[in-house]
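So the chains spell out like this:
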Amino acid sequence: MDLDAGDSPWGDVPSQSTNLSASKQDNDENTPGQPAQTSSNPPRSPVRRGPRGTRKINAQATKLEAVDDTVDPLGPLGESTAVESSLSPSEEAPAPPQKEPFAARNARPTSSTSQTSSGAALADSVNLEEDGAGFRGPPPVQPPTDAAGTKRQSQPSVSIEQAAKPTFEITVGDPHKVGDLTSSHIVYQVRTKTSSKAYRQPEFAVTRRYRDFLWLYNSLHGNNPGVVVPPPPEKQAVGRFDTNFVESRRAALERMLNKTASHPILQHDADLKIFLESETFTIDVKNKENREPDLGQNKGMFSSFGISVGGGGKFVEHDDWFHDRKIYLDALENQLKALLKGIDTVVTQRKGLADAAGDFSASLHALAAVELSPALSSPLDGLSDLQLRIRELYERQAQHDILTLGITIDEYIRLIGSVKTAFSQRQKAYHTWHAAESDMQKRKHTQEKLLRQGKTQQDRLNQANADVADAERKVHQTKLLFEDMGKLMRSELQRFEREKVEDFKSGVETFLESAVEAQKELIELWETFLMQLDAGEESNPFYSSIPAAGDAPATESGSTEAASVTTGGEDA
């Protein structure tokens with residue numbers, strides 16, 4: 001307000017509030033001697049300005065209209081903050097957080113005191129919002145607990161790969177001989193427990209012979225080029241009905257099926273399903289061969305391109321990684337063959353010890369039979385029985401050596417042969433690729449000749465263009481086949497190395513445990529025999545008769561001494 005312009009010092013009072021005008025009238029009534037103010041007042045002296053400023057501050061700082069809060073929640077302009085400042089924090093009611101910003105925004109900044117109280121009230125409201133004590137708004141649309149529950153429900157307990165991967169537990173047992181003298185063979189019962197939905201039942205059993213396992217191996221190789229297929233044990237014409245040989249073959253066939261079923265690619269093969277589940281296996285195999293006569297030994301895969309592979313000439317490996325693996329596999333095969341030969345020597349020696357113990361037992365038994373003295377014949381018979389038990393121990397230990405370490409070595413020698421078969425399949429894929437490239441070059445040469453002849457050979461030119469396009473497609477497919485087979489073989493060789501370490505570690509541990517148990521059992525047998533001998537010496541009449549003959553003179557001398565002592569006493 002400009003006082004020099006002649007305006008009334010109370011000209012702005014009605015615009016501020018009606019309460020200010022009421023207070024002005026009260027002041028005029030209380031001071032009648034004061035002249036009335038007009039709009040044409042002369043300029044006031046500094047003495048006049050003092051009360052105006054004081055009255056203005058008192059009018060703005062003392063607000064007594066708190067009763068209006070019952071009418072208007074916001075109160076009159078500029079009063080909500082003053083009322084709040086007059087209340088202590090303990091007596092002040094918590095205001096909703098939505099109303100505080102409006103009150104602070106609408107209130108006029110009257111003085112520093114009111115501004116400070118307004119800031120304190122705003123800080124209190126903010127603290128209430130942060131602590132959550134004064135928050136009375138609606139709850140969130142989606143609480144965090146529900147979101148967490150939804151997240152837990154959406155997350156699977158196991159990975160998708162593990163959940164989708166079926167489990168197999170296959171046992172090969174009950175080997176027995178069937179057939180007459182000319183067609184006799186051993187059959188095995190193959191019992192399967194699986195969680196795969198591809199099979200009709202979770203548990204079933206079928207009967208298979210050795211050549212069925214061999215068919216499965218060849219079929220898996222043909223259906224899955226580049227995959228290292230676990231091989232069956234080799235054939236044996238002599239001694240194939242021997243008990244130890246049948247048991248070792250049964251264990252090898254069981255390991256083959258379990259490794260095949262645990263392979264991520266082979267476990268989904270249709271031929272494996274036929275082998276494990278079909279009750280009319282021979283008929284199903286013949287029907288399959290009639291439907292697909294070209295399949296077998298990987299012939300159908302390359303013949304599907306319409307290209308004659310043939311020998312293809314000598315293969316030169318251009319990949320250093322595969323070249324190093326070939327050298328490594330050759331060296332590993334030689335070392336494993338030497339190790340298997342050493343195991344065979346140990347097994348032969350154990351069997352020789354078992355035979356020697358049997359011969360020794362027979363000799364002791366014969367000697368005990370002709371010995372007349374029971375004091376000597378009884379220990380000889382006990383030693384003969386001990387040698388028979390030692391012979392059984394040596395035979396059992398020799399069989400354990402074959403089933404623990406020997407079967408692992410033999411299995412990996414055959415697995416290396418399976419890896420070499422995969423290498424040969426890769427070589428065939430390489431030759432197929434280059435044969436397709438040669439065929440494409442021939443067709444392109446024919447196409448160029450027809451192009452030089454002009455429009456006279458338009459029909460033949462169209463056919464040549466189609467042949468070139470078909471040849472290019474075959475080249476692209478065979479190249480992709482070769483590259484994909486290389487990637488697959490890399491992963492298969494890494495799997496081979498990983499399983500080799502695990503299998504050999506398990507085989508060596510089992511071999512050592514078996515050897516330690518055999519030695520403990522042998523020591524226990526000898527200690528038991530010695531305890532029996534000691535017990536026999538005390539109860540044997542032969543050993544007791546000798547001390548009895550010596551005891552009689554001692555008894556007589558003792559009685560004589562006693563008699564002499566008695567006589568001497570009487571004389572005394």
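Small disclaimer: the values here were computed from a predicted structure and weren't measured.

Where do I start with the overall build of the protein chain in this structure?
Along its length, the protein chain carries 17 helices and three strands. Taking all 572 residues of the protein chain together, the buried fraction comes to 31%. Considering only intrachain contacts with a sequence separation of at least 6, the fraction spanning at least 24 residues in the protein chain is 72%. Of the roughly 35,900 Å² of accessible surface on the protein chain, 55% is carried by carbon and sulfur atoms.

In this structure, what is going on with the packing of helix α14 (residues 320-370) against helix α15 (residues 374-453)? I would like to understand it.
Axis angle and axis distance: for two packed helices, these are the angle between their axes and the distance between the axes, and together they describe the pair. Put simply, α14 and α15 touch, their axes get as near as 8 Å, and they point 165 degrees apart. Our classification of the angle between α14 and α15 gives roughly antiparallel. For α14 against α15, the interelement crossing comes out left-handed. Of the residues belonging to the contact of α14 with α15, the class tally is 30 nonpolar, nine polar and 14 charged.

How should I be thinking about empty space enclosed by the protein in this particular structure?
Empty space left among the atoms is revealed by rolling a probe the size of a water molecule over them. Evaluation of the coordinates by the stated rule reveals four cavities of 30 Å³ or more. Sort the elements by how many residues they give to the lining of the largest cavity and helix α16 (residues 458-539) lands first, with four residues. Residues that form the lining of the largest cavity fall into these classes: five nonpolar, one polar and four charged. The residue makeup of the lining of the largest cavity includes at least three contributed by each of domain 1 (165-290) and domain 2 (320-536).

What should I look at first to understand the pattern of salt bridges in this one?
For side chains bearing opposite charge, pairing can occur when the charged atoms are close. A complete count under the given rule lists 25 salt bridges for this structure. Note that Glu-254 and Arg-250 form a salt bridge whose closest N and O atoms lie 3.0 Å from each other. A residue pair is termed a helical-turn pair when its members lie 3 or 4 positions apart in one helix, as Glu-254 and Arg-250 do in helix α10 (residues 243-262) at four residues. Judged by its relative accessible area of 16%, Arg-250 falls in the buried class. For the salt bridge of Asp-470 with Lys-474, the shortest nitrogen-to-oxygen distance reads 3.5 Å. In this pair, Asp-470 and Lys-474 both sit in helix α16, four residues apart, roughly one turn of the helix. On the accessibility criterion, Asp-470 (27% relative accessible area) is partly exposed. Connected via shared salt-bridge partners are Arg-255, Lys-259, Glu-411, Arg-495, Glu-499 and Asp-503.

Looking at this structure, I do not really get the environment of Lys-337. What am I missing?
For Lys-337, the position within the fold is in helix α14. Sequence spacing of Lys-337 and Ile-409 is 72 residues, and the spatial spacing of their C-alpha atoms is 7.9 Å.

What's the story with the environment of Val-172 in this structure? I'm lost.
Among the structural elements, Val-172 can be located in strand β1 (residues 168-178). Its relative accessible area of 2% is what places Val-172 among the buried residues. With 18 residues separating them along the chain, Val-172 and Val-190 place their C-alpha atoms 4.7 Å apart. Once residues within four sequence positions are removed from consideration, Val-172 is found in contact with Tyr-188, Gln-189, Val-190, Arg-250, Leu-253, Glu-254 and Leu-257.

Honestly, helix α11 (residues 270-277) in this entry has me stumped. Any pointers?
An α-helical turn contains 3.6 residues, so a residue and the one three or four places further along point in the same direction. Residues Asp-271, Leu-272, Phe-275, Leu-276 and Glu-277 constitute the buried set of α11. For α11, the secondary structure elements touched by its buried residues are β1, β2 (185-194), β3 (203-209), α9 (210-223), α10 and α12 (281-291). If you check the start of α11, you find a side-chain oxygen 2.8 Å away from the backbone N of Asp-271, and it comes from Asp-269.

Is there a simple way to think about the layout of surface pockets in this case?
Size it by volume and the second largest pocket reaches roughly 550 Å³. If you go around the second largest pocket, you meet 19 residues; those closest to its centre are Gln-236, Phe-245, Ser-248, Ile-402 and Asp-410. Contributions of two or more residues to the lining of the second largest pocket are made by α10, α14 and α15. Split by residue class, the lining of the second largest pocket holds seven nonpolar, five polar and seven charged.

I tried to follow a negative patch on the surface on my own but got confused; where do I start?
Residues Asp-355, Asp-359, Glu-392 and Glu-395 make up a contiguous surface patch of negative charge. Elements with a minimum of two residues in the negative patch: α14 and α15. Relative to the helices and strands, Asp-355 resides in helix α14. Judged by relative accessible area, which is 47%, Asp-355 ranks as partly exposed.

Which parts of the structure should I look at to understand the sheet that holds β1?
Neighbouring strands of a sheet are bound in pairs by backbone hydrogen bonds; such pairs are parallel or else antiparallel. Read across the sheet, three strands follow the order β1-β2-β3 without closing on themselves; strand pairing throughout is antiparallel. Each edge of the open sheet is held by one strand with a lone partner, namely β1 and β3. Adjacent strand axes in the sheet meet at a mean angle of 20 degrees, parallel and antiparallel pairs treated alike. In this structure, β2 lies alongside β3, joined through seven bridges in antiparallel fashion. Pairing of Val-190 across the sheet is with Val-206, part of β3. Along the sheet, α9 contacts β2 and β3; its crossing angle with β3, the most-contacted strand, is approximately 105 degrees. Contacting β1, β2 and β3, α11 runs over the sheet at an angle of about 90 degrees to β3.

Help me understand the pairing of β1, please; the structure alone is not making it clear to me.
Side chains on a regular strand alternate between the two faces of the sheet. The pairing of β1 with β2 spans nine bridges and is antiparallel. Pairing of His-176 across the sheet is with Val-187, part of β2. What sits between β1 and β2 in their antiparallel hairpin is a turn of six residues, with Gly-179 showing a positive phi close to 90 degrees.

Would you mind going over the side chain of Thr-192 with me for this structure?
Topologically, Thr-192 is positioned in strand β2. Overall, the relative accessible area of 0% leaves Thr-192 in the buried class. The contacts of Thr-192, once residues within four sequence positions are left out, are Phe-168, Glu-169, Ile-170, Pro-202, Glu-203, Phe-204 and Leu-276.

Cut-offs used in this document
Residues numbered from 1 in each chain as written. Predicted model: local features only at pLDDT ≥ 70, side-chain atom pairs only at ≥ 80, totals over all residues. Heavy atoms only, no water. Helix = DSSP H or I, 4+ residues; strand = E, 2+ residues; numbered from the N terminus. Buried < 20%, exposed > 50% of the residue type's maximum accessible area, 1.4 Å probe, protein only. Contact = heavy atoms within 4.5 Å. Areas by Shrake-Rupley, 256 points an atom, 1.4 Å probe, with all protein chains shown as cover. Axes fitted to C-alpha atoms, helices over the stretch in contact; angles between N-to-C directions. Parallel < 35°, antiparallel > 145°, perpendicular 65-115°, else oblique. Left-handed = near helix turned anticlockwise from the far one by under 90°. Nonpolar A, V, L, I, M, F, W, Y, C, P; charged D, E, K, R; others polar. 1 Å grid on protein atoms, 1.4 Å probe; cavity = no way out; pocket = protein on both sides within 12 Å on 5 of 7 lines; lining within 4 Å. Points joined across faces, edges and corners; volume = space filled by probe spheres on them. Domains from an automatic or database assignment. Salt bridge = Lys/Arg side-chain N within 4 Å of Asp/Glu carboxyl O. Polar contact = N/O pair within 3.5 Å; in protein donor to acceptor, adjacent residues only side chain to side chain. Patch = residues over 30% accessible without salt bridge, like charges linked within 9 Å, V, L, I, M, F, W, Y side chains within 5 Å. Lys, Arg positive; Asp, Glu negative; His and termini not counted. Charge placed at Lys NZ, Arg CZ, Asp CG, Glu CD. Pairing = 2+ DSSP bridges.

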